[in-house]
Amino acid sequence: MLCQNCNKREANVKYTQIVNGEKQELILCEECSEKLGINNISFDMPISFANFFDGLLNENYCSEFLPLMKNSNSLKCNTCQMTYEEFINKGKFGCSDCYESFAGKIETILKRIHGDIKHTGKKCKNCNAEIKQEIKTKKEIKEEKFINLQAELKKAIQEERYEDAAKIRDEIKKEAK
C-alpha cells in the first residue's frame, strides 16, 4: 500500500487518532511520518497508583473541580498520624483507621474508581456447609432429571413415537447447557 501523504513510497506506519469520538487513520511511509512528527511519539508511560492520586488530587485540581477536597491537608489520622497530603503522595493509607479519618474526602473518589464505597468481595472458598449442600442438591436434581429424560427418550424410540422423541431430545439438549 502506498503512503497516503506522498503517494510515492511503501507505507509502513499506521497512525490512528480519535478526537471527540471520531476515528481518523493515516497510513504513511517512514519519511512522511518523520516529517509529521509521528515517529517521535513515546509510548513509555509507566503509571503508578501514587502518581494517579497525585495528579487527581493535587491542590489546583481539588479547589477547582472538587470543592470537598479544599483544605484537606490539615486532616490527620488519629491512629497512625498520616496526613491527607501524605496519602495523596503515597497513594496508600497508613492504617485501616485512615479510611474513617479521611472518609468525607475519599468517598467520591472511591465511588468513581470502584463504582461503590463498600467492598462486597467474593464468597470465601470455605463457605458454610448449607450453601455447599444446596449446590450439591441442585446438581443431583439436574442429574436425576437428565437420567429420566434419557429413559423417556429410549422408551419413545422403542414405541416409535418419533415426535415425542424429538421433543425429549430437544429438552435433553436444553438441560445439558
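The notes below deal with the structure included here.

**A word on the overall build of the chain**
Working step 1: Across its full length, the chain carries eight helices and two strands.
Working step 2: Reading the secondary structure of the chain in the N-to-C direction produces β-β-α-α-α-α-α-α-α-α.
Working step 3: Within the span of the chain, comprising 177 residues, buried residues form 21% of the whole.
Working step 4: Considering only contacts within the chain whose residues lie at least 6 apart along the sequence, 32% involve residues at least 24 apart.
Working step 5: In the structure as shown, the chain presents an accessible area of about 14200 Å², 50% of it carried by carbon and sulfur atoms.

**Remarks on the pairing of strand β2 (residues 22–28)**
Working step 1: Summarising the sheet, strand β1 (residues 13–19) and β2 pair through seven bridges and their orientation is antiparallel. When the bridges of β2 are listed, Lys14 appears paired with Ile27.
Working step 2: The antiparallel pairing of β1 with β2 creates a hairpin that spans two residues between the two strands, and Asn20 there sits at a positive phi of about 50 degrees.

**Side note on the nonpolar core**
When a protein is soluble and globular, its nonpolar side chains tend to lie buried together.
Working step 1: Ranked by size, the top nonpolar core spans nine residues in total: Cys77, Met82, Tyr84, Phe87, Ile88, Cys98, Phe102, Ile106 and Ile109.
Working step 2: Sorting elements by how many residues they give to this core places helix α4 (residues 84–90) first, with three residues.
Working step 3: In this view, Ile106 contacts Tyr84, Phe87, Phe93 and Tyr99; residues no more than four positions away in its chain are not counted.
Working step 4: Counting residues in hydrophobic clusters, the runner-up holds seven residues, among them Cys3, Val13, Cys32 and Ile38.

**What about the pattern of salt bridges?**
Working step 1: This structure, assessed with the given rule, holds eight salt bridges.
Working step 2: Note that Glu25 and Lys23 form a salt bridge whose closest N and O atoms lie 3.5 Å from each other.
Working step 3: Of the residues examined, Glu25 reaches a relative accessible area of 36% and is grouped as partly exposed.
Working step 4: Assessed through its relative accessible area of 58%, Lys23 is described here as exposed.
Working step 5: What emerges from the salt-bridge pattern is a single network uniting Arg9, Glu31 and Lys35.

**So, the packing of aromatic side chains**
Working step 1: In total, this model carries six aromatic pairs according to the counting rule given.
Working step 2: Arranged with centres 5.7 Å apart and planes meeting at 50 degrees, the rings of Tyr84 and Phe87 form a pair that is tilted. With Tyr84 and Phe87 both in helix α4, this residue pair falls three residues apart, about one helical turn.
Working step 3: For Tyr84, a relative accessible area of 0% corresponds to the buried category.
Working step 4: Measuring from centroid to centroid gives 6.1 Å for Phe93 and Phe102, while their planes differ by 25 degrees, and the two rings are stacked.
Working step 5: Overall, Phe93 belongs to the partly exposed group, its relative accessible area being 21%.
Working step 6: By way of ring pairs, the aromatic residues Tyr84, Phe87, Phe93, Tyr99 and Phe102 are connected into one cluster.

What counts, and where the lines are drawn
- Residue positions within a chain follow its written sequence, with the count starting from 1.
- Residues qualify for local features only when their pLDDT is at least 70, as the model is predicted, and side-chain atom pairs are given and counted only at 80 or more; totals for whole chains, interfaces and linings, by contrast, use all residues.
- To obtain the side-chain values, all non-hydrogen atoms of the structure were included, while hydrogens and water were left out.
- Under the scheme used here, helices are H or I runs from DSSP no shorter than 4 residues and strands are E runs no shorter than 2 residues, and both carry numbers assigned from the N terminus.
- Each residue is assigned to one of three classes by its accessible area relative to the maximum for its type, calculated with a 1.4 Å probe on protein chains only: buried under 20%, partly exposed between the two thresholds, exposed over 50%.
- Whether two residues touch is decided by their heavy atoms; if any such pair falls within 4.5 Å, the residues are in contact.
- Computed with a 1.4 Å probe, the accessible areas rest on the Shrake-Rupley method; for each residue, only the protein chains presented here act as cover.
- One bridge is not enough; two strands pair if DSSP finds at least two bridges between them.
- Put simply, buried Ala, Val, Leu, Ile, Met, Phe, Trp, Tyr and Cys residues joined by side-chain atoms within 4.5 Å make one nonpolar core.
- Every case where a carboxyl oxygen of Asp or Glu lies within 4 Å of a side-chain nitrogen of Lys or Arg is listed as a salt bridge.
- Pairing of aromatic side chains requires ring centres within 6.5 Å, counting the rings of Phe and Tyr and the six-membered ring of Trp. Pairs whose planes differ by under 30 degrees are stacked, by over 60 edge-to-face, and all others tilted.

Any link to function would need more than the numbers given here.
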